[in-house]
Amino acid sequence: MKPTENLSRDTEAVAASLSAMIKREFTSYSCYEGYLNPSDPTMVTADDRKKLVDWCYGVVDHCQFSRETVASAMEMVDRFLSKPSDNSTDAARVCDEALRDHSKFQLLAIAALYSSVKVHERVALSSDLFSEICSRSYTAEEIEAMERTLLNGLSWRCNAPTAHQVGLSILSLILPYVDIPEVTWGFLMDEMKYLTELAVQEYFFSTQRASTTALAAIFNVVNDTSTKEPREAIGAFLRVIMECFDFDDSEQITAARRRLHFLAKPDTEEDEIIDEESLESLEEFVQTITASNSSSSHLKRGLEGHFCYERDELDHEQVVSPSSSLRDISSEKQDSSVHFC
């Protein structure tokens, strides 16, 4: 299968989807300032969170699920801990406990993954199997009870757009208008996916919009391409897209780019996280280039003609119930065990 077969060529449909995702970032799934305090020794840490993300990745990799399921699970955890439901005293209590009790923090992440699997995967794992996966550290009843508290605290909103989804939408908008080899598209898509997966591990990105993380990943990948032509072609269209949608400003995107670069290349010196000349030249290019060719002008006219932020977008929320009867694979318990630590 060609890499571009995973992208859509329906510009209007993709633009509508991207517009809806960005709107949800400001409404149902808005990000917050954060919930960890490094100066408080009684609280869990960003490193504790990263270890849980790594464990979740191990589970989904073993079960051959999508790592996007982990991104959705951790988004629920982060949103729950950042701003628990005002009308749920139980959620507020659990939030406070999870921030200071490693066992409760782990249980919350496990319950979020359990719920995310039910929403995003074709095959569900039973709560009993989840209990076995984490070495019976928690019972099936504890996992189900925490899931109910989590979903109640989130008002049952559990389908936030992920950075990878936003990134694919951005690349899909560019696809019909940029003539670059399939191998280059494959590189862009694979590296963008890799960087967005790394971002899930980093607490910093839990305070950022998914669209900011997506743009940062795409900019970094474009910057790493070996030839000038793809950088210029994609840069022209990124400028058009950034003008037509309500993304964060360049300062926030640059900060996210630096974090992503450091995650991907941890041996880089702190003051050399991104080569300054290449960073400035790319951003300067995106900000100042005149998209004069007919393709980019056509894309801009199409986006501006069909979409505006005042239009009413249908915001369909996916809701999962603890009693959802999806097909379990509990018969594969012995083969699916992943040790919890």
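Look up a bit, the structure's there.
Predicted model only: the values in this text are computed from it and were never measured.

Student: I'd love a proper account of helix α10 (residues 210-224), names of residues and values included.
Tutor: Taking 1.5 Å per residue as the helical rise, α10 with its 15 residues ought to reach 21 Å, and the 21 Å between its terminal C-alpha atoms agrees with that figure. In terms of residue burial, α10 counts as a mostly covered element, since 14 of its 15 residues are buried.

Student: Residue-level account of the packing of helix α8 (residues 163-174) against helix α9 (residues 182-201), with values.
Tutor: Interaxial distance between α8 and α9 falls to 9 Å at its minimum, and their mutual angle equals 160°. Compared by their axis directions, α8 and α9 come out roughly antiparallel. The handedness of the crossing between α8 and α9 comes out as right-handed. The residues of α9 that touch α8, namely those facing Ala163, His164, Gly167, Leu168, Leu171 and Ile174, are Trp185, Met189, Met192, Lys193 and Thr196. Taken together, the residues that form the contact of α8 with α9 break down as seven nonpolar, three polar and one charged.

Student: Which residues make up unusual backbone geometry, and what values do they have?
Tutor: Positive phi outside glycine occurs at Ser135, with the angle close to 55°. Tracing the chain through its elements places Ser135 in the loop between α6 (127-133) and α7 (140-153). At Trp156, a residue that is not glycine, the phi angle is positive and equals roughly 65°. One can find Trp156 in the loop between α7 and α8.

Student: Which residues make up the nonpolar core, and what values do they have?
Tutor: Core analysis: the largest hydrophobic core is formed by 51 residues, its most contacted members being Val70, Phe80, Leu81 and Leu113. For this core, the secondary-structure elements that each account for two or more residues are α2 (46-62), α3 (68-82), α4 (89-98), α5 (102-120), α6 and α7. At eleven residues, α5 tops the list of elements feeding residues into this core. Of all hydrophobic cores here, the second largest spans 45 residues; its members include Met21, Leu171, Ala216 and Phe245.

Student: Pulling in residues and values, what's your account of the pattern of salt bridges?
Tutor: Under the counting rule described, the total for this entry stands at 19 salt bridges. For Arg209, the salt bridge identified is with Glu25, shortest N-O distance 3.0 Å. Linking Arg209 in the loop between α9 and α10 with Glu25 in helix α1 (residues 11-26), this pair joins segments that are 184 residues apart in sequence. With a closest N to O distance of 3.1 Å, Asp248 and Arg209 form a salt bridge. Note that Asp248 is positioned in the loop between α11 (228-244) and α12 (250-264) and Arg209 in the loop between α9 and α10, a separation of 39 residues in sequence. Of the two residues, Asp248 and Arg209, neither departs from the other in class, the shared state being buried. Because the salt bridges share partners, they merge into one network encompassing Asp61, Arg67, Lys193 and Glu197.

Each value, and the rule that gives it
- Residues numbered from 1 in each chain as written.
- Predicted model: local features only at pLDDT ≥ 70, side-chain atom pairs only at ≥ 80, totals over all residues.
- Heavy atoms only, no water.
- Helix = DSSP H or I, 4+ residues; strand = E, 2+ residues; numbered from the N terminus.
- Expected span 1.5 Å × (residues − 1).
- Buried < 20%, exposed > 50% of the residue type's maximum accessible area, 1.4 Å probe, protein only.
- Axes fitted to C-alpha atoms, helices over the stretch in contact; angles between N-to-C directions.
- Parallel < 35°, antiparallel > 145°, perpendicular 65-115°, else oblique.
- Left-handed = near helix turned anticlockwise from the far one by under 90°.
- Contact = heavy atoms within 4.5 Å.
- Nonpolar A, V, L, I, M, F, W, Y, C, P; charged D, E, K, R; others polar.
- Core = buried A, V, L, I, M, F, W, Y, C linked by side-chain atoms within 4.5 Å.
- Salt bridge = Lys/Arg side-chain N within 4 Å of Asp/Glu carboxyl O.

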